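Chains, contacts and geometry: an overview
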Number of protein chains: 2
Amino acid sequence: MINKKMLMAILLTVLLNSCQSNKPISIEKEFLLSWNDGAAKQRITSFVNSITDQTSSNYVPPGERIATFDNDGTLWAEQPMYFQVQFVFDRVKELAENDESLKKRQPYKAIIEGDNEYLSKLGSHGLTDVFTFTHTGMSNTEFREIASTWLDTAKHPKFNKPYTSFVYKPMLELLDYLRENEFKVYICSGGSVEFIRAFADEVYGIPPEQVIGTSYKYEFINNDKGISINRTTEINSFNDKQEKANNIQLHIGRKPLVAVGNSDGDLQMLQFSASRTGSSLQLLLHHNDAEREWAYDRESKIGRLDKALDEAVSRDWTVISMQKDWAAIFPK
Amino acid sequence: MINKKMLMAILLTVLLNSCQSNKPISIEKEFLLSWNDGAAKQRITSFVNSITDQTSSNYVPPGERIATFDNDGTLWAEQPMYFQVQFVFDRVKELAENDESLKKRQPYKAIIEGDNEYLSKLGSHGLTDVFTFTHTGMSNTEFREIASTWLDTAKHPKFNKPYTSFVYKPMLELLDYLRENEFKVYICSGGSVEFIRAFADEVYGIPPEQVIGTSYKYEFINNDKGISINRTTEINSFNDKQEKANNIQLHIGRKPLVAVGNSDGDLQMLQFSASRTGSSLQLLLHHNDAEREWAYDRESKIGRLDKALDEAVSRDWTVISMQKDWAAIFPK
């Protein structure tokens, strides 16, 4: 028989153990609720169970649990065009309100008039110039505010909702699940680092220091207006393809234990992660859900997924089928 | 009278509260034990008490508690020459064992022969070339291993002890004190990022992803030997002066709440921190202890402290007097 004293002693022991383990008392939470039961979810959970199990040969200590996520097409949508390109176009229209000359100069004229034929021939060089025009010549503080205001007010052209409505619910859950398992989660994106920082903390819970992105060279200014760091027109790093792996080395200095992407631009990041000594997990999101989102891969101009899909299949990386693996796409 | 039941109820309440606050039960630890009571210690503790006090107008939430530390002359010694320069010299001698031609070519000949007169005229350009010669042309993994081996085996010429013996005990305590108060602590150094990563985790408890330093441009390699990231001979960033602030913006994206340095190379980092909206703390270590360490400032070739000392005095930043504020310099 258990008497009251014994019961109290047991209760105290449980509580003390719980306190000593430095964790709050909690009923085990359920994670990944928007993921259908299937190969992708099963691989994710068994990987995480294995690397957090101290008795497993795959065990990885918390400090080494680094996960890197691409942003466009991985954490949020990227159709019908990269959201940051829409930001650039909106910004050109805004600047034209105080600068009539833009309405007469290409490619600004085409942007303002919505001349898609002209814009489709712009090429990456032309687009880079428009990025530089809208993204430089101010301090980082000013730029982040401009981005922030746009994110708060602009609406997706097709759905008339803020762009931050188009983050993927299953990915938010994956971020939570990894963090619950003591991962440090980074974004490693082709988007501009300060553009992403303008919303990453609020929307993804990812702080500024865990965002790696495309950057311009900076210039430290100390004048009668005070201290600021200005954005020059010289590109410091275009964080795509090889450069994603290079910048992970520069900023993090470790190979990611988990890497998550959706396009050929993420291939080298996934390869870098897969070259880690010991266990690692590579996830590739396949946009194959024309009904609930978009379906595109090998022939797409945006988020082209061709070589990375072949390599994922041949190396048995985990391909996430948006259609089959996700019970929900966007938060309500 | 308190009976057993009541006592048990009180005990349970205390334990439950402790568990819910997600902190282990602990007796308050003593910090900064190698710091003498004086203005520097007093300012540090009152600053930390104020920004961690939720009822204070200076309160700063944990996520924003970023501290950046210079390394050479701030976290460890830098005399009679920067330790990484000694590493470069030792490396040249090692490479000369398999490459006789180095013994005939300047400046390698001077390094091998210890021709200090020649070396004193080398200038920063000449030194940069020797750095590049010893620091590039291999993968980052290989370089970190080379640095690691040197740190494990090389001895300081004056004291015949490993270089990592010359970390400052009061600074190790300051790192611990800040981390205990939920700071995220970074190194921001003119030294090479991968050189510092070779010992920062073990010696300072600072993980690779919290080290910002001088870097070469990287090149992603995928060949029959596998994946690696090679160090090219092109400098990516020389992390000194203005560039320290620029790189803090790039890597962290926030102004440091606490910045700690010892030389004019740290001035812009301190200015950047001081420009933070709300409270912030700037610490400048003054090497004025010829008996226990070294005494040098305005005229020194290594770790020159001139403009930053003037600005610290005029802006009432906290100058740490090694002689007066530190009860101990190095760990036993």
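Residues numbered from 1 in each chain as written. Chains lettered and ligands numbered in written order. Predicted model: local features only at pLDDT ≥ 70, side-chain atom pairs only at ≥ 80, totals over all residues. Heavy atoms only, no water.

1. Remarks on the sheet that holds strand β2 (residues 184-192) of chain B
Residues and elements named next belong to chain B. Strand order in the open sheet made by the seven strands is β4-β3-β2-β1-β5-β6-β7, with mixed pairing throughout. Every interior strand has two partners, whereas the edge strands, β4 (226-237) and β7 (318-321), have only one. Strand after strand, the sheet turns through a mean of 35° between neighbouring axes, direction not considered. Of the strand pairs in this sheet, strand β3 (residues 211-223) and β4 are connected by eight bridges, and their pairing is antiparallel. (Pairing = 2+ DSSP bridges. Helix = DSSP H or I, 4+ residues; strand = E, 2+ residues; numbered from the N terminus. Axes fitted to C-alpha atoms, helices over the stretch in contact; angles between N-to-C directions.)

2. Some remarks on the confidence of the model for chain A
Residues and elements named next belong to chain A. Of the residues in chain A, 91% have a pLDDT of 70 or more, and the chain-wide mean is 93. For chain A, the element scoring lowest by mean pLDDT is helix α1 (residues 4-20), at 59; strand β1 (residues 66-69) scores highest, at 99. Across the interface, the model reports ipTM at 0.91; the global pTM reads 0.92. (pLDDT = per-residue confidence, 0-100.)

3. Digging into the pattern of salt bridges
Close approach of charged atoms allows side chains with opposite charge to pair. All names here are of chain A. Here the structure, examined in full by the defined rule, presents 40 salt bridges over all chains. Residues D316 and R43 are paired through a salt bridge, measuring 2.8 Å at the closest nitrogen-oxygen approach. Of this pair, D316 sits in the loop between α12 (307-314) and β7 (318-321) while R43 sits in helix α2 (residues 39-52), and the two are 273 residues apart along the sequence. Each of D70, K244 and D266 takes part in a single network of salt bridges with overlapping partners. (Salt bridge = Lys/Arg side-chain N within 4 Å of Asp/Glu carboxyl O.)

4. Digging into the packing of helix α9 (residues 193-204) of chain A against helix α10 (residues 242-251) of chain B
One way to put it is that α9 of chain A packs onto α10 of chain B with a least axis distance of 10 Å and a crossing angle of 55°. Comparing their axes, α10 of chain B and α9 of chain A come out oblique. The residues of α10 of chain B that touch α9 of chain A, namely those facing V193, E194 and R197 of chain A, are Q249, L250 and H251 of chain B. Classifying every residue of the contact of α9 of chain A with α10 of chain B by side-chain character gives two nonpolar, two polar and two charged. (Parallel < 35°, antiparallel > 145°, perpendicular 65-115°, else oblique. Contact = heavy atoms within 4.5 Å. Nonpolar A, V, L, I, M, F, W, Y, C, P; charged D, E, K, R; others polar.)

5. Focus: the sheet that holds strand β2 (residues 184-192) of chain A
Residues and elements named next belong to chain A. Spatial ordering of the open sheet is given by β4-β3-β2-β1-β5-β6-β7, a layout of seven strands whose pairing is mixed. The two strands at the open ends of the sheet, each matched to only one other strand, are β4 (226-237) and β7. Each adjacent strand pair in this sheet contributes to an overall mean axis angle of 35°, direction not counted. Inspection of the sheet shows β2 paired to strand β3 (residues 211-223) by three bridges, in the parallel sense. Paired with I187 across the two strands is V211, which belongs to β3. Packing against the sheet, α9 makes contact with β2, β3 and β4, and its axis sits at approximately 140° to β2.

6. Focus: the environment of N223 of chain B
With respect to the secondary-structure elements, N223 of chain B resides in strand β3. At 2.9 Å, the side chain of N223 of chain B and the backbone nitrogen of K225 of chain B are in polar contact. (Polar contact = N/O pair within 3.5 Å; in protein donor to acceptor, adjacent residues only side chain to side chain.)

7. As for unusual backbone geometry
A cis amide bond links Q79 of chain B with the next residue in sequence, P80 of chain B, at an omega value of -5°. The linkage connecting Q106 of chain B with the following residue, P107 of chain B, adopts the cis geometry, with an omega of 5°. Mapped onto the fold, P107 of chain B is located in the loop between α3 (83-96) and α4 (108-113). Its identity as a non-glycine residue notwithstanding, N160 of chain A has a phi of 55°, on the positive side. Along the chain, N160 of chain A falls in the loop between α7 (140-153) and α8 (169-180). Here K241 of chain A, not a glycine, exhibits a phi torsion of approximately 50°, which is positive. Checked against the element boundaries, K241 of chain A lands in the loop between β4 and α10 (242-251). Relative accessible area serves as the criterion here: at 39%, K241 of chain A is assigned to the partly exposed category. (Buried < 20%, exposed > 50% of the residue type's maximum accessible area, 1.4 Å probe, protein only.)

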